[in-house]
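What follows is each chain in one-letter form.
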Protein chains: 2
Amino acid sequence: MRESEIIDLFLKHLRKQGDLPLGDDAGAIRLGDEWLVATNDMLVRKTDVPDIMTPEQVGFKAVTMNVSDVAAMGAMPIGFLFSLGVPPDVGRDYLEGVARGIGKALEFYYTPVLSADTNEADDLIIDGIALGVTGRLLTRSGARPGELVCVTGDLGRALAGYLVWKNKLDISKKVRKALYEKFLEPKAKVSEGIKLSEIANSAIDVSDGLARELNLLARRSGVRIELSSESLPIREEVFEVAELLGKDPVELALSSGEEFELVFTVEPEKASCLEFDFSVVGKVEKGSGVYLDGEPLPHLGWEHFSHENF
Amino acid sequence: MRESEIIDLFLKHLRKQGDLPLGDDAGAIRLGDEWLVATNDMLVRKTDVPDIMTPEQVGFKAVTMNVSDVAAMGAMPIGFLFSLGVPPDVGRDYLEGVARGIGKALEFYYTPVLSADTNEADDLIIDGIALGVTGRLLTRSGARPGELVCVTGDLGRALAGYLVWKNKLDISKKVRKALYEKFLEPKAKVSEGIKLSEIANSAIDVSDGLARELNLLARRSGVRIELSSESLPIREEVFEVAELLGKDPVELALSSGEEFELVFTVEPEKASCLEFDFSVVGKVEKGSGVYLDGEPLPHLGWEHFSHENF
């Protein structure tokens, strides 16, 4: 069965949902004046971990991918939980590396571990869970015509790094370092998410590529999104890899997943209140669909190390 | 590596913990005037699921084992999350059964699902996460000399049912039904846990057998626990299986895991305030260790379908 079929199957039987229906970066329930946000994401070594990733990077990423979903809801992470599935062939050194990576990530994100569980399994599995709180929730359905579409940081390095590794590309050490930093050690945009919770009207994190995230945002908000390729924040290292492989750098940037940048929409007059690094990449309009320089944008996505969240 | 070694390895690197250190049924953090309780427990088909269990029972149990940990903290469940690992050989019907079981359990426990995630994996895995809230937290370290040791429901049917199945015992349909009800469809004691939060001073759920839970409780509370074998709530069906197998029914009751009954300690004068079914099985004294009819109790535990929570 395809993952989307499995999701449909479960949704049919899960009638009791939180105060925010399933389908956002995280679930949410009201707790007094605040929203409690909760999300989980399972990392499976066979499908999610390229072989050059160190165990420490694996542990760090298991935290980042969950904290990023909390950040995308505009929430401050308040706790992390994880379950480990450990196969017999994974030794002490590898596990200690994973432990060190999780520990480092929790200190990096100022987040305590609340509970953990370990079991025998056939493959190394880290199921991470992050909890967060926010006074104002950012969802995928809050974008309104007239707003700017913005993105933190830059896009494309994760996929470019993956392509360098997969194709054993001969590139300079400096370029490789810049790409691998994003490919192997991505960071969630926590402080940006907290600031956005007061100012933005919708947000989503880039887990499966900007094109896919914007399609979700447009569909769930019931709006049309116009993107300008010239305004996409693409670093020169991505252009270099694109050229080596005869690919379009814009396509790389739009389909690069696990970037963990935040895409958000904000009223133009409020954008100037944001004091972190971001780029305006488009605007929200009436209608439906996502358009790049006026043309419909295909559903590009990063299938290689994909996973579904519903 | 043994699970206890893996746990030690991780604890070494996880310095940032919640407001309640790791080692209870669930983790907890303060959220305003309340405690937010969070726990996770991974169910792996290969090690946790006997082959007579229906997929619906598997789904229900994945919820129960987590909700039970929330109940043991005296908290009301407010949300459930899960990650599925799905191997290629698990078909649509099986998954739909699991979905139905999770859905039924969430309705049974009045708990919404907040987030879910699905991935390819080598074995069927359901990692469940339950969240709860309480004004007063019940921990494993709150038992004080002079209190009564009590347990909800009855003990031993889960292990007796397992032994009936494993040894293909020839018993009456009625006895089998009574045992399998607890072996295959255990229920968490949610309303009892909520009532206990106001009255009891410590609690733990019976995941790995009463003997093991009481040893944990005694050690973490720094007390001695005296048990009386005559007062243990053991149903006649357990006596019947014990006799067929030439085993001691008290030993069965003490080592039977995944019972999901709540063990708690309470001041004698407050025990009468509790209006649900429970048995006084012993008392808390100064000292250390657990004693049964005056003799030290060995560390009996249910190893068959074991999993470690830390």
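Small disclaimer: the values here were computed from a predicted structure and weren't measured.

Participant: I keep staring at the sheet that holds strand β12 (residues 295-296) of chain B and nothing clicks. Help me out?
Facilitator: In a beta sheet, neighbouring strands are held together by backbone hydrogen bonds and run either parallel or antiparallel to one another. Residues and elements named next belong to chain B. Spatially, the 7 strands line up as an open sheet ordered β7-β9-β6-β10-β8-β11-β12, and their pairing is mixed. Edge strands, defined here as strands with exactly one partner in the open sheet, are β7 (202-205) and β12. Bridge count between strand β11 (residues 289-292) and β12: 2 bridges; the pairing is antiparallel. Note that in β12 the partner of Leu292 across the bridge is Glu295. Docked against the sheet, helix α3 (residues 55-72) engages β7 and β9 (262-266), running at close to 170° with respect to β7. Against the sheet, helix α8 (residues 210-221) touches β6 (148-152), β7, β8 (224-227), β9 and β11, its axis set at about 150° to β7.

Participant: Help me understand the sheet that holds strand β8 (residues 224-227) of chain A in this model?
Facilitator: All names here are of chain A. Ordered by their spatial adjacency, 7 strands build an open sheet running β7-β9-β6-β10-β8-β11-β12, and the pairing between neighbours is mixed. If you trace the sheet from one side to the other, it starts and ends with β7 (202-205) and β12 (295-296), each paired once. Of the strands in this sheet, β7 and β9 (262-266) touch helix α3 (residues 55-72), which is tilted by about 170° from β7. Seen against the sheet, helix α7 (residues 190-199) touches β6 (148-152) and β9 and runs at an angle of roughly 20° to β9.

Participant: What should I look at first to understand the interface of chain B and chain A in this one?
Facilitator: By a frequent convention, interface size equals the accessible area lost on bringing the separate parts together. Chain B puts 70 residues into the contact, and the matching count from chain A is 70 residues. Buried surface at the junction of chain B and chain A, summed over both partners, amounts to about 6100 Å²; 65% is from carbon and sulfur atoms. Looking only at chain B, the three residues that lose the most surface to chain A are Phe10, Lys16 and Leu114 of chain B, adding up to 11% of its buried area. Our count for the chain B to chain A interface comes out at 4 salt bridges. The partner of Glu96 of chain B in a salt bridge is Lys12 of chain A, and the shortest N-O contact between them spans 2.7 Å. At the surface where chain B touches chain A, the tally comes to 20 residue pairs in polar contact (both at pLDDT 80 or more). In terms of residues, the side of chain B that touches chain A owes the most to one element, helix α4 (residues 92-108) of chain B, which gives 10 residues.

Participant: For this particular structure, what's the right way to read the pairing of strand β2 (residues 34-44) of chain B?
Facilitator: Side-chain direction in a regular strand flips from residue to residue, so the side chains alternate between the two faces of the sheet. Residues and elements named next belong to chain B. Counting buried positions along β2 yields 10 of 11 residues, so the element is predominantly enclosed. As defined by bridge partners, strand β1 (residues 27-31) adjoins β2 across 5 bridges and the pair is classed as antiparallel. Following the sheet pairing, Ile29 is matched in β2 by Leu36. Linking β1 back to β2 in an antiparallel pair, the connection comprises 2 residues, with Gly32 at a positive phi of about 65°. Note: β2 against strand β5 (residues 125-134), 10 bridges, orientation antiparallel. In the strand pairing of β5, Asn40 is matched with Ile129.

Participant: I keep staring at the UniProt feature "binding site: substrate" (unreviewed entry) in chain A and nothing clicks. Help me out?
Facilitator: Residues and elements named next belong to chain A. The sites that UniProt annotates as "binding site: substrate" (unreviewed entry) are Asp48, Glu258 and Trp302. With respect to the helices, strands and loops of the structure, Asp48 is situated in helix α2 (residues 45-48). Counting through the fold element by element, Glu258 comes out in the loop between α10 (249-255) and β9.

Participant: Looking at this structure, how should I read the relation of the copies chain B and chain A?
Facilitator: Overlaying chain B on chain A yields an RMSD of 0.0 Å, the required transformation being a rotation through 180° with an accompanying axial translation of 0.0 Å. Overall, the copies show the geometry of a two-fold rotation axis. When each C-alpha of chain B is compared by its distance to the rotation axis, Asp122 of chain B comes out closest, at 2.9 Å. Of the residues that chain B buries at the interface, 100% are likewise interface residues in chain A, meaning the two copies contact each other through the same surface.

Participant: Would you explain the side chain of Ser68 of chain A in this entry?
Facilitator: All names here are of chain A. Residue placement: Ser68 occurs in helix α3. Residue Ser68 is classed as buried on the basis of its relative accessible area, which comes to 0%. The residues contacting Ser68, other than those within four sequence positions of it, are Ala188, Asp205, Phe260 and Leu262.

Participant: How do you make sense of helix α5 (residues 157-166) of chain B when you look at a structure like this?
Facilitator: Since the α-helix advances by 3.6 residues per turn, residues separated by three or four positions end up pointing in the same direction. All names here are of chain B. Counted residue by residue, α5 has 8 buried out of 10 residues, so it is predominantly covered. Within α5, the full set of buried residues consists of Arg157, Ala158, Leu159, Ala160, Gly161, Tyr162, Leu163 and Val164. The secondary structure elements touched by the buried residues of α5 are α6 (173-184), α9 (236-245) and α10 (249-255). Just past α5, the residue Lys168 takes up positive phi, approximately 45°.

Participant: Would you explain the state of the cysteines in this entry?
Facilitator: Cysteine pairs can be linked by a disulfide, which is a covalent bond between their two sulfur atoms. All names here are of chain B. According to the stated counting rule, one finds 0 disulfides over all chains in the structure shown. With no disulfide partner, Cys150 has as its closest neighbouring cysteine sulfur the one in Cys273, 12 Å distant. On the basis of relative accessibility, which here comes to 0%, the residue Cys150 falls in the buried class.

Reading the values: rules and limits
Residues numbered from 1 in each chain as written. Chains lettered and ligands numbered in written order. Predicted model: local features only at pLDDT ≥ 70, side-chain atom pairs only at ≥ 80, totals over all residues. Heavy atoms only, no water. Pairing = 2+ DSSP bridges. Helix = DSSP H or I, 4+ residues; strand = E, 2+ residues; numbered from the N terminus. Contact = heavy atoms within 4.5 Å. Axes fitted to C-alpha atoms, helices over the stretch in contact; angles between N-to-C directions. Buried area = accessible area lost by both parts, 1.4 Å probe. Salt bridge = Lys/Arg side-chain N within 4 Å of Asp/Glu carboxyl O. Polar contact = N/O pair within 3.5 Å; in protein donor to acceptor, adjacent residues only side chain to side chain. Buried < 20%, exposed > 50% of the residue type's maximum accessible area, 1.4 Å probe, protein only. UniProt positions renumbered as here; feature names shortened; annotations may be inferred. Least-squares fit on C-alpha atoms with pLDDT ≥ 70 in both. Disulfide = S-S within 2.5 Å.

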